[in-house]
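# Descriptive analysis of the structure
These are the residues of each chain, in order.
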Amino acid sequence: MSVVVVAEHLRGEVREVTHELVSAGESLGPVSVALIARDPTPLIAAVNVEGVSEIVTLAAGADEFESDTYEQALEALIAERKPRIVLVGFTVNAMGYASAVAARLGLGFASDVHQVSLEGDAVIATRSFYGGKVDAEVEFPGAETVILALRPTVWAPAEGVGSAGVSSLDLSLSPARARHVEFLEPAAASDVDITQADFLFSVGRGIGDADALPELEALATRMGGTLSVSRPVVDAGWMPSSRQVGQSGKTVKPKVYLALGISGAVQHLAGMKSSGTIIAVNTDPEAAIFGVAHYGAVADLFDVVEELEKLY
């Protein structure tokens, strides 16, 4: 059951989702990593991790992502190698070409996949529907090749130094209709990037009103954490959307996620349930957040905050 992982890279660095795809692919069969870039050579070492049996370089396009180039390169790779499964990240870049390739070639396809398995020769992908309220298993009868876009942060990234062989595939591609020109940095902001935090101190509608936020943010800082919030806090205008965790906010994977007054709507859980250690505090013993928490307390969040302030 051959598996091809399409590497994703940005500004000369391989993105972590690529290593997550390798981890997902290991359980399915021998993993080959496809490197598509004007010059793939500098990226080879970064994808040569444990679990990769082969690295295929496809020299094409510009240094940065071009959807047309990736479409043509992936089509050529599938025609040459005929993999059973192609894994891409469920990212903005991959969604620009993966579904188009599947539709053009008549392949199986599923997006936002958070579990994949084999039943005999059948590929079974699990994905969410209806805003994450329902999970369903998707099969691909008659499809010789299946492209799956996997949700980031679900699988642990593959690590270590691998011993993969390196090969190349010559391409003859049409010029891309849209080309990468430059990166434009957003205006400098005083806010933080919650996706990079090791400890998130996250609060929800249970805080009552915006007046509680300064005290909570100060406590988070003293504890060495970063304040994040659930959607109701952003919808109320109390915090910027850059602090929002969830399906419509940021997907995070800190070492510690402390959730105070967050009930655990499916959209929120989708953005944080892969955190290393989840600690939840809520007055409702039936709150959904307890379903993913490693530790939980049925308590008033302000009672817990009062105790924490004695320690910090």
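Residues numbered from 1 in each chain as written. Predicted model: local features only at pLDDT ≥ 70, side-chain atom pairs only at ≥ 80, totals over all residues. Heavy atoms only, no water.

## Points about the pattern of salt bridges
Oppositely charged side chains may form a pair once their charged atoms are brought near each other. Note the following rule: A pair is scored as a salt bridge if a Lys or Arg side-chain nitrogen falls within 4 Å of a carboxyl oxygen belonging to Asp or Glu. A run of DSSP states H or I qualifies as a helix once it reaches four residues; a run of E qualifies as a strand once it reaches two. Both are numbered from the N-terminal end. Burial classes: relative accessible area under 20% of the type maximum marks a residue as buried, over 50% as exposed, and values in between as partly exposed (1.4 Å probe, protein chains only).
In total, this model carries 11 salt bridges according to the counting rule given. A salt bridge links Asp 63 to Arg 38; its shortest N-O distance comes to 2.8 Å. Of this pair, Asp 63 sits in the loop between β5 (52–59) and α3 (67–81) while Arg 38 sits in the loop between β4 (31–37) and α2 (44–47), and the two are 25 residues apart along the sequence. Arg 222 is the partner of Glu 309 in a salt bridge, and the nearest nitrogen-oxygen pair spans 4.0 Å. Of this pair, Glu 309 sits in helix α8 (residues 301–311) while Arg 222 sits in helix α5 (residues 213–222), and the two are 87 residues apart along the sequence. Among the residues examined, Arg 222 registers a relative accessible area of 43% and is labelled partly exposed. The network of salt bridges with common partners includes Glu 71, Glu 75 and Arg 104.

## Considerations on the sheet that holds strand β8 (residues 122–129)
Our working definition: Two strands are said to pair when DSSP picks up at least two bridges between them. Orientation is described by lines fitted to C-alpha atoms, with helices fitted over the stretch in contact, and by angles between N-to-C directions that extend from 0 to 180 degrees.
Reading across the sheet, the 9 strands line up as β9-β8-β7-β10-β6-β1-β4-β5-β11 and stay open at both edges, with mixed pairing between neighbours. Two strands in the sheet have a free side with no partner beyond their single neighbour: β9 (134–138) and β11 (165–168). In this sheet, neighbouring strand axes are inclined to one another by 35° on average, regardless of whether the strands run parallel or antiparallel. Relative to β4, strand β1 (residues 3–6) runs parallel, the two sharing 4 bridges. For Val 6, the partnering residue across the bridge sits in β4 and is Ala 34.

## Let's talk about the side chain of Asn 48
Selection criterion: Every residue pair with non-hydrogen atoms within 4.5 Å of one another is taken to be in contact.
Note that Asn 48 resides in the loop between α2 and β5. The exposure class assigned to Asn 48 is buried, which follows from its relative accessible area of 17%. Apart from residues lying up to four places away in sequence, Asn 48 is in contact with Ile 55, Gly 160, Val 161, Gly 162, Ser 163 and Ala 164.

## Structural notes on the domain arrangement of the protein
Formally: Domain start and stop positions are those given by an automatic or database domain assignment. The term buried area refers to how much accessible surface (probe radius 1.4 Å) is lost by two components on association, counted for both of them together.
What the domain assignment reports for the protein is domain 1 (3–168) and domain 2 (194–311). Between domain 1 and domain 2, the C-alpha centre-to-centre distance is 32 Å. The interface is formed by 10 residues belonging to domain 1 together with 8 residues belonging to domain 2. Counting each side, the surface lost to burial between domain 1 and domain 2 is near 650 Å², with a carbon and sulfur contribution of 43%.

## Notes on the packing of aromatic side chains
In plain terms, the rule: To pair, rings of Phe, Tyr and Trp, with the six-membered ring standing in for Trp, must have centres within 6.5 Å; the planes then decide the type, stacked if under 30 degrees apart, edge-to-face if over 60, and tilted in the middle. Charges are assigned to positions over rings by a cutoff of 6 Å between ring centre and Lys NZ or Arg CZ, combined with an angular limit of 35 degrees from the ring normal.
One pass over the full model with this rule turns up 3 aromatic pairs. Arranged with centres 6.0 Å apart and planes meeting at 45°, the rings of Phe 65 and Tyr 97 form a pair that is tilted. Pair noted here: Phe 65 is in the loop between β5 and α3 and Tyr 97 is in the loop between β6 (85–89) and α4 (98–105), with a separation of 32 residues, a long-range link. Their ring planes at 50° and their centres at 5.3 Å tell us that Tyr 70 and Tyr 97 sit as a pair that is tilted. Taken together, the residues span a long stretch of sequence, with Tyr 70 in helix α3 and Tyr 97 in the loop between β6 and α4 at a distance of 27 residues. A single burial state applies to Tyr 70 and to Tyr 97, both of which are buried. Taken together, the aromatic side chains of Phe 65, Tyr 70 and Tyr 97 make up a single cluster linked through ring pairs. Geometry around Phe 183 places Arg 11 over its ring, the cationic atom sitting 4.0 Å from the centre.

## Quick word on the sheet that holds strand β13 (residues 226–229)
Across the sheet, 5 strands lie side by side as β13-β12-β14-β15-β16; this open sheet has parallel pairing. Edge positions in the open sheet fall to β13 and β16 (295–298), since each of these has one partner strand only. The average angle at which neighbouring strand axes cross in this sheet is 15°, direction not considered. Bridge count between strand β14 (residues 256–260) and strand β15 (residues 277–282): 5 bridges; the pairing is parallel. Bridge pairing in β15 places Leu 260 opposite Val 281. α5 contacts β12 (199–203) and β13 of the sheet and is inclined by roughly 165° relative to β12.

## Topic: the pairing of β1
Regular strands have side chains that alternate between both faces of the sheet. Residues of β1 alternate between two faces, with Val 3 and Val 5 on one and Val 4 and Val 6 on the opposite face, all of them buried. Here β1 runs beside β6; their pairing, made up of 3 bridges, is parallel. Bridging across to β6, Val 5 finds its partner in Leu 87.

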